[in-house]
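What follows is each chain in one-letter form.
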Amino acid sequence: MSLTFTLDPAVTPALRDGILDLWTDVSNAGGAVGFVPPVTREEIRPELVMHFAAMADGSKRLLVGHDEEGRVAATAFLTFNSHRLMAHWIWLYTVMVHPRHQGKGYGRDLLAAAERAARGFDGIDAIRLTCRGGLGLERFYGSCGYKEVGRIPAAIRVAPGDDRDDVIMLLPLG
């Protein structure tokens, strides 16, 4: 079984709730997606609203993966640069696969779908993302073709005394 990916799905209450559930479950399972456990849907909601606002103004695109039951199982937000000298690459944010689906290759499928989407955008030469060090994420992204191009030591404070590197990864599309 695999996920069905949709770029720019209609934002419905079901999609909103599915993303909130996904983001909450991923965060509470220890996923590095901007929050640390424990977190509630209501704590995540303002961040999702900001993503939706950016989608409405065209600066951000949503890629969502649904499982065979139609539930939101994976997401990634593709964000365009507003600076004219950096308009040739996009950011990939909030890359998530639901914990119940991890280990099935869906993370690779999500990144491949994001790459296909980016290749369809005019003038985009690369995808850039950052990830939290100390979790092996840079190895995963590396296995999907991304290259580590920078690292800022101790830039992410997960908790007092628990600082992590901010790892910058790049996938050239040329």
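Residues numbered from 1 in each chain as written. Predicted model: local features only at pLDDT ≥ 70, side-chain atom pairs only at ≥ 80, totals over all residues. Heavy atoms only, no water.

Caption draft 1: Representation of the packing of helix 1 (residues 13–28) against helix 2 (residues 41–56) within the structure. Direction vectors running N to C along helix 1 and helix 2 enclose 125°, while the axes themselves pass 10 Å from each other. Relative to helix 2, the element helix 1 lies oblique. Judged by the sense of rotation from one axis to the other, the crossing of helix 1 with helix 2 is right-handed. Taking contact as the criterion, the partners of Arg16, Asp17, Ile19, Leu20, Asp21, Trp23, Thr24 and Ser27 in helix 1 are, on helix 2, Arg41, Ile44, Arg45, Glu47, Leu48, His51 and Phe52. (Axes fitted to C-alpha atoms, helices over the stretch in contact; angles between N-to-C directions. Helix = DSSP H or I, 4+ residues; strand = E, 2+ residues; numbered from the N terminus. Parallel < 35°, antiparallel > 145°, perpendicular 65-115°, else oblique. Left-handed = near helix turned anticlockwise from the far one by under 90°. Contact = heavy atoms within 4.5 Å.)

Caption draft 2: Local environment of the sheet that holds strand 3 (residues 72–80). Pairing is mixed across the open sheet formed by seven strands, whose spatial order is 1-2-3-4-5-7-6. One side of each edge strand has no neighbouring strand; the edge strands of this open sheet are strand 1 (4–7) and strand 6 (147–159). Across this sheet, the average inter-strand angle for adjacent strands is 25°, counted without regard to direction. Of the strands in this sheet, strand 2 (60–66), strand 3 and strand 4 (89–97) are in contact with helix 1, which crosses strand 3 at around 95°. The sheet strands contacting helix 3 (residues 106–119) are strand 1, strand 2, strand 3, strand 4, strand 5 (126–132) and strand 7 (162–172), and the helix crosses strand 4 at an angle near 155°. (Pairing = 2+ DSSP bridges.)

Caption draft 3: Fine view of helix 2. The end-to-end C-alpha distance of helix 2, which contains 16 residues, comes to 22 Å, matching closely the 22 Å that a straight helix rising 1.5 Å per residue would cover. Of the positions making up helix 2, those classed as buried are Ile44, Leu48, His51, Phe52, Ala54 and Met55. Buried residues along helix 2 sit against helix 1, strand 2, strand 3 and strand 4. Gly58 sits one or two residues past helix 2 and shows a positive phi near 85°. (Expected span 1.5 Å × (residues − 1). Buried < 20%, exposed > 50% of the residue type's maximum accessible area, 1.4 Å probe, protein only.)

Caption draft 4: View of unusual backbone geometry. Residue Pro38 is reached from Pro37 by a cis peptide bond, and omega for that bond is -5°. Assignment of secondary structure puts Pro38 in the loop between helix 1 and helix 2. One non-glycine residue, Thr94, lies in the positive phi region at around 50°. Take Thr94: it is sitting in strand 4. One non-glycine residue, Ala154, adopts positive backbone phi at about 55°. Assessed through its relative accessible area of 43%, Ala154 is described here as partly exposed.

Caption draft 5: Region of the structure containing the nonpolar core. One finds Leu78, Leu92, Ile127 and Tyr146 to be the most contacted residues of the largest nonpolar core, which totals 28 residues. Mapped onto this core, the elements with two or more residues apiece are strand 3, strand 4, helix 3, strand 5 and strand 7. Of all hydrophobic cores here, the second largest spans 18 residues; its members include Leu20, Phe35, Val72 and Phe77. (Core = buried A, V, L, I, M, F, W, Y, C linked by side-chain atoms within 4.5 Å.)

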